[in-house]
Amino acid sequence: MASSEHEHPKKALGWAARDTSGVLSPFKFSRRETGEKDVTFKVLFCGICHSDLHMVKNEWGVSTYPLVPGHEIVGKVTEVGSKVQKFKVGDKVGVGCLVGSCKSCDSCANDLENYCPKSVQTYGAKYLDGTTTYGGYSDIMVANEDFVIRIPDNLPLDGAAPLLCAGITTYSPMRYFGLDKPGMHVGVVGLGGLGHVAVKFAKALGVKVTVISTSPNKKDEAIKHLGADSFLVSRDQDQMQAAMGTLDGIIDTVSAAHPLPPLISLLKVNGKLVMVGAPEKPLELPVFSLLMGRKIVAGSNIGGIKETQEMIDLAAKHNITADIEVIPIDYLNTAMERLAKGDVRYRFVIDIGNTLKSAT
């Protein structure tokens, strides 16, 4: 980047955590000038992901402060660099969990920037020029066009925002592990931010869906509201016993410690249990139950940019959005407290455009 471009950085206003207390407050900072391959957009909405909660409190041990979270960012383009080809001013766009990668490894060559060893996270990471990345709890965003997603016109921006993380996190493993064939039977563990969109995508792909939850009171929600075909209470031995060997695959979205053997027993021969939640402590894996059915336990982490665009386009085709509670920015700390208790259906989205006062 030319040195002259650093002389006129863009003034930005966001909300940041300053320490492990996780309390967020207004924070003024600079975004880089729009480079020749950059897209600058006014942030209108940003989803709150469970990982934001872990990061503001440094629960994964990788946070640096001040930390501006947010990787479910949507808005409208205000400026494009001279060499940008995919976007123009006025376009509806989004940025998910990634803003950079090496562009030269095998993963990058296969549109799997999410598995690039040098991938750059949207916030709390070091960008290619050595600066710290700041996320979407802010009024403007600047990103290389290769990491910007086009949001189709018929998708509402607020409901589309969480798809940039929760949507791709559940869509990608369904595609990769072949759990997207009509007539297949897939389980979804946990009916939270990830789980509820997993149900919607699975149904859009023509798959039969069973929601597996510890909460019996979520049954109506799963079946009547989200369109799941059946519901299993994971603590109910009789229900679990009756469903043994019936599922082609399971998408496990739970981030808390939980036993895997009951889930593995639900799988058919050659069944796949795919973990997309990230529990803080290691889970026990009983190998014997895997041997007795050639079963697989796998992991999956978001998706590449090409696949994220494919997921958003499918969402537009089937009118899939996240179920959200839109909040003003000054409600942010209360929302974080509620998220920690699981008190949200199913994703908080910050109305940045109307409630974050501009820095200029």
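Rules used in this analysis
- Residues numbered from 1 in each chain as written.
- Predicted model: local features only at pLDDT ≥ 70, side-chain atom pairs only at ≥ 80, totals over all residues.
- Heavy atoms only, no water.
- Helix = DSSP H or I, 4+ residues; strand = E, 2+ residues; numbered from the N terminus.
- Rg over C-alpha atoms; globule rule 2.2 N^0.38 Å.
- Buried < 20%, exposed > 50% of the residue type's maximum accessible area, 1.4 Å probe, protein only.
- Contact = heavy atoms within 4.5 Å.
- Areas by Shrake-Rupley, 256 points an atom, 1.4 Å probe, with all protein chains shown as cover.
- Domains from an automatic or database assignment.
- Buried area = accessible area lost by both parts, 1.4 Å probe.
- Salt bridge = Lys/Arg side-chain N within 4 Å of Asp/Glu carboxyl O.
- Polar contact = N/O pair within 3.5 Å; in protein donor to acceptor, adjacent residues only side chain to side chain.
- Pairing = 2+ DSSP bridges.
- Axes fitted to C-alpha atoms, helices over the stretch in contact; angles between N-to-C directions.
- Arc of directions from axis to C-beta.

A separate point is the overall build of the chain. Of the regular secondary structure elements, the chain holds 13 helices and 17 strands. Computed over C-alpha atoms, the radius of gyration of the chain comes to 20 Å, within 12% of the 21 Å expected from 2.2 N^0.38 for 360 residues, which places it in the range of a compact globule. Seen through its C-alpha atoms, the chain measures out along the principal axes to roughly 65 × 40 × 40 Å. Counting all 360 residues of the chain, 55% fall into the buried class. Taking the contacts inside the chain whose residues are at least 6 apart along the sequence as the reference set, 67% of them involve residues at least 24 apart. With the model as given, the accessible surface of the chain reaches about 15,700 Å², and the carbon-plus-sulfur share is 53%.

In terms of domains, the chain is made up of domain 1 (10–165 + 322–351) and domain 2 (166–299). When each unit is reduced to the centre of its C-alpha atoms, the spacing between domain 1 and domain 2 is 28 Å. Facing 12 residues of domain 1, the contacting portion of domain 2 comprises 16 residues. Together, the buried faces of domain 1 and domain 2 total about 1,200 Å²; carbon and sulfur atoms form 49% of this surface. Linking domain 1 with domain 2 are two salt bridges. One salt bridge connects E221 with R345, and the closest N-O pair in it is separated by 2.9 Å. Connecting domain 1 to domain 2 are 12 residue pairs in polar contact (both at pLDDT 80 or more).

The next thing to look at is the sheet that holds strand β13 (residues 247–252). Reading across the sheet, the six strands line up as β12-β11-β10-β13-β14-β15 and stay open at both edges, with parallel pairing between neighbours. Both outer strands of the open sheet, β12 (230–233) and β15 (296–299), are each paired with one neighbouring strand and no more. Going from strand to strand, the sheet's axes swing by 20° on average, the running direction of each strand aside. Both strand β10 (residues 185–189) and strand β11 (residues 208–213) contribute to a ladder of five bridges, which runs parallel. The residue of β11 that forms the bridge with G187 is T210. Against the sheet, helix α6 (residues 193–204) contacts β10 and β11, and its axis sits at roughly 165° relative to β11.

So, about helix α5 (residues 166–176). By the criterion of burial, α5 is predominantly enclosed, with nine of the 11 residues buried. When we look at burial in α5, the residues that qualify are A166, G167, I168, T169, T170, Y171, S172, P173 and M174. On its buried side, α5 packs onto α6, β13, β14 (267–275), α11 (305–317) and β17 (347–351). Looking one or two residues beyond α5, the residue adopting positive phi is G178, at roughly 70°.

We now examine helix α12 (residues 332–340). The complete set of buried residues in α12 reads L332, A335, M336, R338 and L339. Down the axis of α12, the buried set is contained in an arc of 165°. They therefore lie on one face. At its buried positions, α12 is contacted by β1 (10–17), β2 (24–31), β3 (38–48), α2 (50–56), β16 (324–327) and β17. Just beyond α12, the residue with positive phi is G342, at close to 75°.

Put simply, Y65 and P66 share a cis peptide bond, and its omega is -5°. Tracing the sequence through the fold places P66 in the loop between α2 and β4 (73–80). Residues R345 and Y346 are joined by a peptide bond in cis, for which omega reads -10°. Relative to the helices and strands, Y346 resides in the loop between α12 and β17. Positive phi outside glycine occurs at I302, with the angle close to 35°. As for its position among the elements, I302 is in the loop between β15 and α11.

With that settled, consider the pattern of salt bridges. Side chains that differ in charge, positive against negative, can pair when their charged atoms come close. One pass over the full model with this rule turns up 22 salt bridges. The salt bridge involving E79 is made with K10; its shortest N-O contact spans 2.8 Å. In this pair, E79 is assigned in strand β4 and K10 in strand β1, connecting sequence segments 69 residues apart. Looking at K10, the relative accessible area reads 14%, which means it is buried.

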